[in-house]
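These are the residues of each chain, in order.
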Amino acid sequence: MNTKIMEGLSGAGTNLKLLETPMKVYQTAKSKGDTGAMERALGYAGDFVGKAEEYQEKTREGMAEEARDLRKKEKLEQEEAMEKRRLERQKEREQLTAKASGEENQADRLEHDYDSGSNATRDKNGTEPIIYTNTGEKQPAEQEAVLSVRV
């Protein structure tokens, strides 16, 4: 609640309470038949009603300002949420690209090993080459592979 709303509500309420006094004076003057006092009392009552209406307008202005501020705040929050989602999607795309790039690099390494003409491949953790013989048995990496050709 902004200050215009609080000021408007309290001002209007105060002026409506103050209105009770000239209205009591009016009733007393009416019972006595004193038209001069009645006119003065109605004049004061009119002043209080006018001030209460001014404060009521101030309350309306404050409420309109508060509604505008709330809409601006909601719009900013919405824009921030959209930016956050955009950054998350971008990060996900980068991770997927990096993962795909890593898979391509791994495929390139395997292709390179295949192109080198040996039967060497990497073990599961990719560090030590494994060499297979013609019969399919593993040969220790320290030994050189012997290639024999029969004609």
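Residues numbered from 1 in each chain as written. Predicted model: local features only at pLDDT ≥ 70, side-chain atom pairs only at ≥ 80, totals over all residues. Heavy atoms only, no water.

A few words on a nonpolar patch on the surface. Together, Met1, Met6 and Leu9 make up an exposed nonpolar region whose accessible area comes to about 340 Å². Relative to the helices and strands, leucine 9 is located in helix 1 (residues 3-18). (Patch = residues over 30% accessible without salt bridge, like charges linked within 9 Å, V, L, I, M, F, W, Y side chains within 5 Å. Areas by Shrake-Rupley, 256 points an atom, 1.4 Å probe, with all protein chains shown as cover. Salt bridge = Lys/Arg side-chain N within 4 Å of Asp/Glu carboxyl O. Helix = DSSP H or I, 4+ residues; strand = E, 2+ residues; numbered from the N terminus.)

Turning to the confidence of the model for the protein chain, a few remarks are in order. Overall, the predicted model of the protein chain reaches an average pLDDT of 84, with 76% of residues at or above 70. Taken element by element, the predicted model of the protein chain shows its lowest mean pLDDT in strand 1 (residues 121-122) (52) and its highest in helix 2 (residues 20-32) (96). (pLDDT = per-residue confidence, 0-100.)

Evaluated as defined, the whole model comprises 5 salt bridges. For lysine 4, the salt bridge identified is with glutamate 61, shortest N-O distance 3.7 Å. Taken as a pair, lysine 4 in helix 1 and glutamate 61 in helix 3 (residues 35-115) lie far apart in primary sequence, 57 residues in all. For lysine 4, a relative accessible area of 28% gives the class partly exposed. Residue classification places glutamate 61 among the partly exposed positions, given a relative accessible area of 36%. Salt-bridge contacts for arginine 60 lead to glutamate 57; the nearest nitrogen and oxygen are separated by 3.3 Å. In this pair, arginine 60 and glutamate 57 are both assigned in helix 3, 3 residues apart and thus about one turn of the helix distant. (Buried < 20%, exposed > 50% of the residue type's maximum accessible area, 1.4 Å probe, protein only.)

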